[in-house]
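# Descriptive structure summary
Below are the chains, spelled out letter by letter.
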Amino acid sequence: MVGGEEELPAARAAIQFAYTGRVEAGGGIREVLQVRRQAAYLQMEGCMEACLAAVREKLEAGGGAGAGAAAAGGGAGGGAAAEVPPPTAVLELYSCRDVWPDPSEDPAFAALLTEAKRRLVAHFGDTLAVLNKQQLYEQMQALPAEGLEALLESDDFGTDSESSVVLVLAE
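Given the structure is predicted, the values throughout are model-derived calculations rather than measurements. (Residues numbered from 1 in each chain as written. Predicted model: local features only at pLDDT ≥ 70, side-chain atom pairs only at ≥ 80, totals over all residues. Heavy atoms only, no water.)

## Notes on the overall build of the protein
Looking only at helices and strands, the protein has 10 helices and 0 strands in total. Burial statistics for the protein: of 171 residues in total, 40% are counted as buried. Sequence separation of at least 24 residues holds for 70% of the intrachain contacts in the protein that already meet a minimum separation of 6. Surface accessibility of the protein: about 9000 Å² in total, with carbon and sulfur atoms responsible for 52%. (Helix = DSSP H or I, 4+ residues; strand = E, 2+ residues; numbered from the N terminus. Buried < 20%, exposed > 50% of the residue type's maximum accessible area, 1.4 Å probe, protein only. Contact = heavy atoms within 4.5 Å. Areas by Shrake-Rupley, 256 points an atom, 1.4 Å probe, with all protein chains shown as cover.)

## Describing the packing of aromatic side chains
The final tally for this structure, using the stated rule, is 2 aromatic pairs. Ring geometry for Tyr-94 and Trp-100: centres 5.7 Å apart, planes at 70°, overall edge-to-face. Counting every residue linked through ring pairs, the aromatic cluster contains Tyr-94, Trp-100 and Phe-109. (Phe/Tyr/Trp six-rings, centres within 6.5 Å; stacked < 30°, edge-to-face > 60°.)

## Brief notes about the nonpolar core
In this structure, Leu-33, Leu-59, Leu-93, Leu-120 and Phe-124 are the most contacted members of the largest nonpolar core, which totals 44 residues. Elements with a contribution of two residues or more to this core: helix H1 (8–20), helix H2 (29–41), helix H3 (45–61), helix H5 (88–95), helix H6 (107–124), helix H7 (127–132), helix H8 (134–142) and helix H9 (145–153). (Core = buried A, V, L, I, M, F, W, Y, C linked by side-chain atoms within 4.5 Å.)

## A closer look at the environment of Arg-12
With respect to the helices, strands and loops of the structure, Arg-12 is situated in helix H1. By relative accessible area, which is 56% here, Arg-12 ends up exposed. Once the C-alpha coordinates of Arg-12 and Gln-38 are considered, the two residues, 26 residues apart in sequence, prove to be 9.0 Å apart.

## Some words on a nonpolar patch on the surface
Residues Ile-15, Tyr-19, Tyr-41 and Leu-42 make up a contiguous nonpolar surface patch of about 500 Å² in total accessible area. As for its placement among the helices and strands, Leu-42 is situated in the loop between H2 and H3. Judged by its relative accessible area of 38%, Leu-42 falls in the partly exposed class. (Patch = residues over 30% accessible without salt bridge, like charges linked within 9 Å, V, L, I, M, F, W, Y side chains within 5 Å. Salt bridge = Lys/Arg side-chain N within 4 Å of Asp/Glu carboxyl O.)

## Observations regarding unusual backbone geometry
The phi torsion at Gln-43 lies on the positive side, around 55°, for a residue other than glycine. Considering the arrangement of structural elements, one finds Gln-43 in the loop between H2 and H3. We classify Gln-43 as exposed; its relative accessible area is 68%.

## A short note on H1
Between its terminal C-alpha atoms H1 stretches 18 Å, which fits the 18 Å expected from 13 residues at 1.5 Å a residue. Restricting attention to buried positions, one finds in H1 the residues Ala-10, Ala-11, Ala-13, Ala-14 and Phe-17. Mapping the buried residues of H1 onto a view down its axis gives an arc of 160°, with all of them on the same face. With respect to the buried face of H1, the exposed residues turned more than 90 degrees away are Pro-9, Arg-12 and Tyr-19. In the core, the buried residues of H1 are packed alongside H2 and H3. Taken from the residues just after H1, Gly-21 is the one with a positive phi, measuring 75°. (Expected span 1.5 Å × (residues − 1). Arc of directions from axis to C-beta.)

Structure (structure tokens):
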């Protein structure tokens, strides 16, 4: 049984995994996590692992790691550092919290979130980069609460003073 018509593609992909050994779930992280949810319901450990591997691959291919640090060090020189491509995979992961498994009950997913958090922090760099680069600022504003929490609780998210962190929160 599926919960509704919206779960049907994920259920089909989980069952297809049993025959093919491959996760074929749309194109995004949300779809892969929906397949993982169905695989957990069907107790398909191999499919659950394959889904997390697919999410990890998307995060690695999603770019953005280190972009904030480059933007922060870019100064006023314009150039390539002025363009800050979003780490779309990381931002997508944080935007689909509703389909996450419980990290406290799934150590593999908790490890994936740790890596995603590192990539998120590396992308944004520090508070000054976020406040001074329009693209980073807009990306920060688009972050859901979980993403903003991961960013601000990280010891690696640099700041010049606590007032800059408060300003990021206020914005």
